[in-house]
Amino acid sequence: MSGPASPASCYLLQAQGKDALGVPHTYSVVFDLGPGSFGQLWNYTDPTKLDALVLSHLHADHCSDIVSMQVHRRWHPRGALGPIPVYAPKGVKDRVRGLDGFSPRDDFSGEFQFHQLKQGRVFNVGPLEITPFASWHSVPAFAFRVKGPGKDGDAIFTYSGDSDECDTLVQAAANSDLFLSECGFTSEDEVRGIHMSGERAGRVAQNSGTKKLVLTHIQPWTDRDVARREAETTWRGELEIARPGMRFEL
Ligand SMILES: [Zn+2]
Ligand SMILES: [Zn+2]
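The structure reproduced in this document is the subject of the present report. (Residues numbered from 1 in each chain as written. Chains lettered and ligands numbered in written order. Predicted model: local features only at pLDDT ≥ 70, side-chain atom pairs only at ≥ 80, totals over all residues. Heavy atoms only, no water.)

On to the sheet that holds strand 6 (residues 123-125). An order of 6-7-8-9-10-11-12 is seen for the seven strands of this open sheet, with the pairing classed as mixed. Each edge of the open sheet is held by one strand with a lone partner, namely strand 6 and strand 12 (238-241). Here the average twist between neighbouring strands, direction ignored, is 20°. Sitting on the sheet, helix 6 (residues 198-208) touches strand 10 (178-182) and strand 11 (212-216), and the angle it makes with strand 10 is about 155°. (Pairing = 2+ DSSP bridges. Helix = DSSP H or I, 4+ residues; strand = E, 2+ residues; numbered from the N terminus. Axes fitted to C-alpha atoms, helices over the stretch in contact; angles between N-to-C directions. Contact = heavy atoms within 4.5 Å.)

Moving on, we come to the coordination of the zinc ion (ligand 2). Distances from the zinc ion (ligand 2) to its protein donors, D61 (OD), H62 (NE2), D162 (OD) and H217 (NE2), fall at 2.1 Å. Its four donor atoms give the zinc ion (ligand 2) angles of 91 to 158° at the centre, a pattern that matches the irregular case. Mapping the donors of the zinc ion (ligand 2) onto the primary sequence yields the spacing D-H-x99-D-x54-H. Separating the zinc ion (ligand 2) from the zinc ion (ligand 1) is a distance of 3.5 Å, and D162 supplies a donor atom to each of them. Linking H62 in helix 2 (residues 60-63) with H217 in the loop between strand 11 and helix 7 (224-231), this pair joins segments that are 155 residues apart in sequence. By the burial criterion, H62 is buried, and H217 matches it. (Donors = N, O, S within 2.8 Å, 3.2 Å for Na, K, Ca; no water. Tetrahedral: all angles 85-135°; square planar, octahedral: opposite > 155°, others 65-115°. Buried < 20%, exposed > 50% of the residue type's maximum accessible area, 1.4 Å probe, protein only.)

Even without being a glycine, D32 presents a positive backbone phi close to 70°. Positive phi, close to 50°, is recorded for N175, a residue that is not glycine. You can see N175 is positioned in the loop between helix 5 (167-172) and strand 10.

In structure tokens:
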């Protein structure tokens, strides 16, 4: 959920590349768009310049601000911005319709070009090659492994989405430069198949051989030091706790 320090899930990934005409272009992909995040995004980039939106799953805390993006694209004072590719699990159009609540017949084709995520079906946004991995959550959900141009050759970024500990997460994060992992639970939460505690996220990181672990999706009521201490029981590498506006260069 959103909390006093942060809107809900949203991560901006940018990479330098060239467009179809060979002109240099900063490619911008947004992973998830939880409540309050679309407005915050304006502090970091011009949302008219986004190249793609990727939704890890259709829980409201990861997608509900898509209705803000829809209004922004349809009613922009310079004129409609046209469709942006949206990569999401099956059912996204109905989900947007339900959130929007305006017209049961609207297909949003003027604002969004929907693409269905499938395990292993790679897609590209400029120089970024994005591979979805089916994760372990209470609804169909994906983690993402992204390969793109880094400071020293290719860089690998992995985002867990929402998931409990599973083999596909370890594969998604294998030898990555940065693993952005959810940590929705603490060790006091015993239910399985939804989120990871710090201990479980740390173990996925340790088994994957990633260079750096960043914990996110920590509930506002959870002490960050608890998440850190739990992760340190299973992970021995570099560890950071995500906060709004944090930036990493790979
Ligand atoms: Zn979820
Ligand atoms: Zn979530």
